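These are the residues of each chain, in order.
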Amino acid sequence: MRKGTSSALTLSLGFAAVVALSATVVLGLTLPKTFEQEEYSRLIAVHPGVAWAAYIAFGVTAVASALWLLPRTRSRTWDLVAGASAEIGVVFTALMLVTGSIWGRPTWGVYWVWDARLTLSALMLMLLVGYLALRRVPADPDVRAQRSAFVALLSVLVVPVNHYAVEWWRTLHQSRSLDMTPSDDLDGEFIAAMMLGLLAFTLVYAWLLVHRVRVARLEEEREDEALAVAIDERRREAEVVG
Amino acid sequence: MWRDALAVAGKDLRIERRSRVGLQQIVPFAVLVIVLFAFALDPDRGVLVQAAAGLFWIAVLFSTLLAVQRSQAIEGADGVRDATLLSGLDPSGVFLGKAIAVAVQLLLLEVVLAAGVVVLYDVDVEGIGTLAITAVAATVGLAAVGSLYGALATGLHVRETLLPLLLLPVVAPVLIAATRASESALADTTFEVAPADWVGLLAVFAVVYVAFGLVAYGSLLED
């Protein structure tokens, strides 16, 4: 029988994600132009949500890695969750940098500034890419799970150090001329679009995660089956020869 | 633990003294890197002096990769890893020993490299004390995280290419902090963030990685 990865859970998650995303698109496109940013202000419906999903993905990878390392909660599932979440996290982190650059060009005049937060995001992307490279190395599943769990935890531990390093680094060059924290005087509809975006991308993340974990588990089952079949064939050959 | 650490560090350093791989390959490599920087950045325009601290630490980071790979290659040869497991040495001690040996080699390399930078880039050193403390704090962190990631990548088929990708993003804060702290020692100017704060950050980094290595190294040795 053909095995799929969909279930009632993913169907409802996927449906909710589509609805929330559509609503975000509609609300985002009907936002009024602002005086300073004109059309670009509508990115507020997309960029914060994408960034939020990237942070969630990073956090889930770390938590799942910790759960794998603790003997009491160790199970293959946590390893698969950590890997799946990191893969989705790379996509969202890259999207965060891209949407940020598109937004940055009209707002600051350049695609990239060496701002503390941007630098930290770029470092996060590099850490995730390294982590995924490690996961791709052929090795015994348990060895690979253990080593990638260590790397994931260390990558999270280093975040506060990175944070202070890039914050202080930037204070040497400029006072915060680019204040990127959302100002308090955002209009209600902008906040609504942003919150809806957060919800939509969280749902998309959750839907992707469940599917990716199930695909990974099917891959493992398939490998095990293929190995069993191959062993079986070799045994039969031996019988014929013998 | 400390006795085991010193035994392992002594073993590694003795091997290095006899094989002279560090002296004949890693040190010349680091010097070569700073010479290449001079080719890339026109020495006449003062760019080199301004960038000296950063270039110095980049050269140290590259050398750390080599030193760590060398340190793990010693373990891989002649069944040393199995022998270490059988010897009953405390795994935390083994980690500390490997890290101490790498740190000692890196510190010696930094002395040579600093002399090279002063001579070749024509840099004036104002605060030698700041420079020394920065170097020690940064090197302990580099050696600890390097030894940990080196062990993590051993036994995998692609460790030569994997190690830089894993290690360099993690040591990025060391590069930032060590460069800024050294800059203030070279130019004798005070920045908004005092060198002491940068050294503190380097110390935090070192403590985190030494602690993690002490806990995690044992389970890395086993497989």
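Keep in mind that this is a model prediction, so the values were computed, not measured.

Asker: Honestly, the overall build of chain B in this entry has me stumped. Any pointers?
Answerer: The helix and strand inventory of chain B stands at 9 helices and 0 strands. In terms of overall dimensions, chain B has C-alpha extents of about 55 × 35 × 30 Å along its principal axes. Burial analysis of chain B (223 residues in total) assigns 45% to the buried set. Looking at chain B alone, contacts between residues at least 24 apart form 85% of all its contacts between residues at least 6 apart.

Asker: Would you take a moment to explain the overall build of chain A for this structure?
Answerer: What chain A contains, in helices and strands, is 6 helices and 0 strands. When its helices and strands are written in sequence order, chain A yields α-α-α-α-α-α. Looking at the 242 residues of chain A, the share that counts as buried comes to 37%.

Asker: Sorry if this is basic, but what is going on with the nonpolar core here?
Answerer: Nonpolar side chains tend to gather and get buried jointly when the protein is soluble and globular. Ranked by size, the top nonpolar core spans 132 residues in total, and within it A57(A), Y205(A), F56(B) and L202(B) carry the most contacts. Beyond its immediate chain neighbours, meaning those up to four positions away, A57(A) contacts S85(A), A86(A), I88(A), G89(A), F92(A) and Y205(A).

Asker: Where do I start with helix α7 (residues 159-170) of chain B in this structure?
Answerer: Quick reminder: α-helices carry 3.6 residues per turn. Residues three or four places apart thus point the same way. For α7(B), which comprises 12 residues, the first-to-last C-alpha distance of 16 Å matches the rise-based estimate of 16 Å (1.5 Å per residue) to within 8%. Within the span of α7(B), buried status applies to L163(B), L166(B), L167(B), P169(B) and V170(B).

Asker: Whenever I open this one, the confidence of the model for chain A confuses me. Can you help?
Answerer: Detail in the predicted coordinates should be disregarded across regions flagged by low pLDDT. Residue and element names in this part refer to chain A. A residue-level look at chain A finds 90% of positions with pLDDT of 70 or above and a mean pLDDT of 84. Element-level pLDDT for chain A is lowest in helix α5 (residues 141-171), with a mean of 84, against a maximum mean of 92 in helix α2 (residues 47-69). Across residues 172-181 the pLDDT falls below 50, and counting only partners more than four positions away or on other chains, this stretch makes 9 contacts in the model.

Asker: Is there a simple way to explain the interface of chain B and chain A in this structure?
Answerer: It is common to report an interface's size as the accessible area lost on association of the parts. Each side of the interface is counted separately: chain B has 26 residues, and chain A has 26 residues. Within the residue set of the side of chain B that touches chain A, elements represented by two or more residues are α7, α8 (172-187) and α9 (195-222) of chain B. Ranked by residue count, the leading element in the side of chain B that touches chain A is α9(B), at 8 residues. Residue composition of the side of chain B that touches chain A, grouped by class: 20 nonpolar, 2 polar and 4 charged.

Asker: How should the environment of L128(A) be read in this particular structure?
Answerer: Residue and element names in this part refer to chain A. Mapped onto the elements, L128 comes out in helix α4 (residues 116-136). Since 26 C-beta atoms lie within 10 Å of it, L128 is described here as buried. In this structure the C-alpha to C-alpha distance between L128 and A152, which are 24 residues apart in sequence, comes to 8.2 Å. If sequence neighbours within four positions are ignored, L128 has contacts with A86, G89, V90 and T93.

Asker: Looking at this structure, I do not really get the packing of helix α6 (residues 128-153) of chain B against α9(B). What am I missing?
Answerer: When two helices pack together, their arrangement is given by the angle between the helix axes and by the axis-to-axis distance. Residues and elements named next belong to chain B. Across the interface, α6 lies against α9 with an axial gap of 8 Å and an inter-helix angle of 25°. As summarised for this structure, α6 and α9 are arranged roughly parallel, according to the angle between their axes. Every pair of crossing elements has a handedness; the one defined by α6 and α9 is left-handed. A class-by-class count of the residues in the contact of α6 with α9 yields 21 nonpolar, 5 polar and no charged.

Asker: Can you help me understand the packing of α8(B) against α9(B) in this one?
Answerer: All names here are of chain B. α9 packs onto α8 with a crossing angle of 150° between their chain directions and a minimal axis gap of 9 Å. In terms of axis orientation, α8 runs roughly antiparallel to α9. Handedness of the α8/α9 crossing: left-handed. The residues of α9 that touch α8, namely those facing P173, V174, A177, A178, R180, A181, S184 and A185, are P195, W198, V199, L201, L202 and F205. Per-class residue counts for the contact of α8 with α9 are 12 nonpolar, 1 polar and 1 charged.

Asker: Explain the environment of G197(A) to me, please; I cannot follow it from the model alone.
Answerer: All names here are of chain A. Residue position: G197 is located in helix α6 (residues 188-241). Sequence-wise, G197 and S101 are 96 residues apart; in three dimensions their C-alpha atoms are separated by 18 Å. Setting aside residues no more than four positions away along its own chain, G197 makes contact with T24, A45, V46, P48 and G49.

Asker: Please explain unusual backbone geometry as it appears in this structure.
Answerer: Leaving glycine aside, a negative phi is the common case for residues, and trans is the common case for peptide bonds. At D122(B), a position not held by glycine, the phi torsion is positive, near 60°. The residue D122(B) is located in the loop between α5 (91-121) and α6 in this model.

Asker: What is the right way to look at the confidence of the model for chain B in this model?
Answerer: Across chain B, the average pLDDT comes to 86, with 97% of residues at or above 70. In the predicted assembly, ipTM is 0.85 and pTM is 0.85.

Asker: Is there a simple way to explain the environment of T24(A) in this structure?
Answerer: Residue and element names in this part refer to chain A. Locating T24 in the fold gives a position in helix α1 (residues 8-30). For T24, a count of 22 C-beta atoms within 10 Å translates into the label buried. Note: C-alpha distance between T24 and L198 (174 residues apart in sequence) is 9.4 Å. Contact partners of T24, with chain neighbours within four places excluded, come to A45, A193, L196, G197 and A200.

About the criteria used
Residues numbered from 1 in each chain as written. Chains lettered and ligands numbered in written order. Predicted model: local features only at pLDDT ≥ 70, side-chain atom pairs only at ≥ 80, totals over all residues. Helix = DSSP H or I, 4+ residues; strand = E, 2+ residues; numbered from the N terminus. Buried ≥ 20, exposed ≤ 12 C-beta atoms within 10 Å, placed from the backbone. Contact = placed C-beta atoms within 7 Å. Core = buried A, V, L, I, M, F, W, Y, C linked by C-beta atoms within 7 Å. Expected span 1.5 Å × (residues − 1). pLDDT = per-residue confidence, 0-100. Nonpolar A, V, L, I, M, F, W, Y, C, P; charged D, E, K, R; others polar. Axes fitted to C-alpha atoms, helices over the stretch in contact; angles between N-to-C directions. Parallel < 35°, antiparallel > 145°, perpendicular 65-115°, else oblique. Left-handed = near helix turned anticlockwise from the far one by under 90°.

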